[in-house]
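Results of the structural survey
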Amino acid sequence: MMCANFGNLEDEMKNLESAGFDLFHLDVMDGSFVPNFGMGLQDIEYFCKHASIPCDVHLMVQNPSAYVKKFADIGTSIIYIHPETDVHACRTLQMIKDCGKKAGIAVNPGTSFETVKDLLYLCDYVLIMSVNPGFAGQKYLDFVTPKFKKFVEEADNYGGYKVMIDGACSPEKIAMLSKIGVEGFILGTSALFGKDKSYSTICQELRVL
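Treat the numbers as computed from the prediction; the structure is a model and nothing was measured. (Residues numbered from 1 in each chain as written. Predicted model: local features only at pLDDT ≥ 70, side-chain atom pairs only at ≥ 80, totals over all residues. Heavy atoms only, no water.)

1. Notes on the overall build of the protein
Formally: Helix and strand assignments come from DSSP, with helices taken as H or I runs of at least 4 residues and strands as E runs of at least 2, each series counted from the N terminus. For this measure, only C-alpha atoms enter the radius of gyration; the expected value for a globule follows 2.2 Å times N^0.38, where N is the number of residues. Accessible area is worked out with a 1.4 Å probe on protein chains only. A residue is then buried under 20% of its type maximum, exposed over 50%, and partly exposed in between. What makes two residues a contact is simply this: any of their non-hydrogen atoms within 4.5 Å. Reported accessibility uses the Shrake-Rupley method at a 1.4 Å probe radius. Residues are deemed covered only where the shown protein chains occlude them. In this tally, Lys and Arg are treated as positive and Asp and Glu as negative; His is ignored, and so are the chain termini. The location of each charge is read from NZ of Lys, CZ of Arg, CG of Asp or CD of Glu.
For the protein, the helix and strand inventory stands at 8 helices and 7 strands. In terms of C-alpha radius of gyration, the protein reaches 16 Å, essentially the compact-globule figure of 17 Å for 209 residues. Relative to its full complement of 209 residues, the protein shows a buried share of 51%. Summarising the internal contacts of the protein: among those between residues at least 6 apart in sequence, 60% fall at separations of at least 24. When the accessible area of the protein is evaluated, it comes to approximately 9800 Å², of which 48% is carbon and sulfur surface. Side-chain charges of the protein comprise 19 positive and 26 negative groups, with the mean position of each set lying 2 Å from the other.

2. Topic: the sheet that holds strand E2 (residues 55-60)
Formally: Two strands make a pair as long as DSSP finds a minimum of two bridges between them. Axes here refer to lines fitted to C-alpha atoms; in helices the fit is confined to the stretch in contact. Angles between the N-to-C directions go from 0 to 180 degrees.
The strand order E1-E2-E3-E4-E5-E6-E7 describes an open sheet built from 7 strands, whose pairing is parallel. In this open sheet, the two edge strands, each paired with only one partner strand, are strand E1 (24-29) and strand E7 (184-186). Sheet twist, expressed as the mean angle between neighbouring strand axes with direction ignored, is 25 degrees. Its contacts with the sheet put helix H6 (residues 145-154) on strand E4 (102-107), strand E5 (125-129) and strand E6 (162-166), and the angle it makes with E6 is roughly 160 degrees.

3. A few points about the packing of aromatic side chains
Applicable threshold: Aromatic rings from Phe, Tyr and Trp, with only the six-membered ring used for Trp, were paired whenever their centres fell within 6.5 Å, and each pair was classed as stacked if the ring planes differed by under 30 degrees, edge-to-face if by over 60, and tilted otherwise. Working rule: Lys NZ or Arg CZ, within 6 Å of ring centre, within 35 degrees of ring normal, means a charge sits over the ring.
Tallied over the entire structure, the rule returns 8 aromatic pairs. Measuring from centroid to centroid gives 5.1 Å for Phe24 and Phe47, while their planes differ by 65 degrees, and the two rings are edge-to-face. Residue Phe24 is found in strand E1, and its partner Phe47 is found in helix H2 (residues 41-50); the two are separated by 23 residues along the sequence. Assigned by exposure class, Phe24 and Phe47 land together as buried. Taking 6.5 Å as the distance between ring centres and 90 degrees as the angle between the ring planes, the aromatic pair formed by Tyr46 and Phe47 counts as edge-to-face. You can call Phe47 buried: its relative accessible area is 0%. Put simply, the rings of Phe113, Tyr121, Phe151, Tyr158 and Tyr161 touch in pairs and so form one group of aromatic residues. One cation-aromatic arrangement involves Lys173 over Tyr140; the distance from NZ or CZ to the ring centre is 4.7 Å.

4. A few points about the pattern of salt bridges
Rules: Note on definitions: salt bridges are taken to be side-chain nitrogens of Lys or Arg within 4 Å of carboxyl oxygens of Asp or Glu.
Going through the model one piece at a time under the given rule, you end up with 6 salt bridges. Between Glu10 and Lys14 there is a salt bridge, and its shortest N-O distance comes to 3.2 Å. Of this pair, Glu10 and Lys14 both sit in helix H1 (residues 9-19), 4 residues apart, which is roughly one turn of the helix. Taking the relative accessible area as the measure of exposure, Lys14 reaches 46% and is therefore partly exposed. Residue Lys197 pairs with Glu205 through a salt bridge whose shortest N-O separation is 2.8 Å.

5. So, the packing of H1 against H2
Put simply, the rule reads: Orientation labels follow simple angle bins: below 35 degrees gives roughly parallel, above 145 gives roughly antiparallel, 65 to 115 gives roughly perpendicular, and whatever is left gives oblique. With the far helix as reference, a near helix turned anticlockwise by less than a right angle produces a left-handed crossing, and one turned clockwise produces a right-handed crossing. Classification used: nonpolar for Ala, Val, Leu, Ile, Met, Phe, Trp, Tyr, Cys and Pro, charged for Asp, Glu, Lys and Arg, polar for all others including Gly.
At a closest axis distance of 12 Å, the pairing of H1 and H2 adopts a crossing angle of 45 degrees. With respect to H2, the element H1 is oriented oblique. Relative to H2, H1 is oriented so that their crossing is right-handed. Residues Leu9, Glu10, Met13 and Glu17 of H1 form the contact with H2, whose own contacting residues are Tyr46, Phe47 and His50. Of the residues belonging to the contact of H1 with H2, the class tally is 4 nonpolar, 1 polar and 2 charged.

6. So, the packing of H6 against helix H7 (residues 171-180)
Here H6 crosses H7 at 30 degrees, and the two axes come no closer than 9 Å. When the axis of H6 is compared with that of H7, the two are roughly parallel. With respect to the hand of their crossing, H6 and H7 are arranged in right-handed fashion. Contact residues: H6 offers Thr145, Phe148, Lys149 and Val152, while H7 offers Met176, Leu177 and Ile180. Residue classes in the contact of H6 with H7 are distributed as 5 nonpolar, 1 polar and 1 charged.

And the structure:
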């Protein structure tokens, strides 16, 4: 949602909900793990309080365990962490689940399956980054595609997590990755925002890919 029109956030929310999208993806950045700042706590509280569809939060921050309870308490449904930011990622993922929320990891382009495989038993979702985290409008990194295949193929061996994509998620990539078995697509400027079509039309067109 950091790509949405913040000049009229309430209308953006209502229009996206009525268009038929499944959830709101909310980015939190600390200017340290990634060289940028994302949505503020007040923005996320607003979404969680007023949205009629679930909200997830993507913690691109150092020491995410310090913030899990805060974001769980304000009503997020899924909390993603980057394993690179947490020396006790297993404990943090369990903390998320103990708060009654779905737990997920975000996998950077340079992070391998082997690096995070022991965490997958605690994951409900795996969010694979097809760009480097922290900025909108980047190009899809083609070398990441085999990683999607690997995580999809291994899902049943680690409890049946769902594989998602975040970054440069264009209609062409949605068509390709849905055939591989990717189940969720985080949409930004590549497929949703800043287009000459209504959100409803875009949603309908993407769902048939």
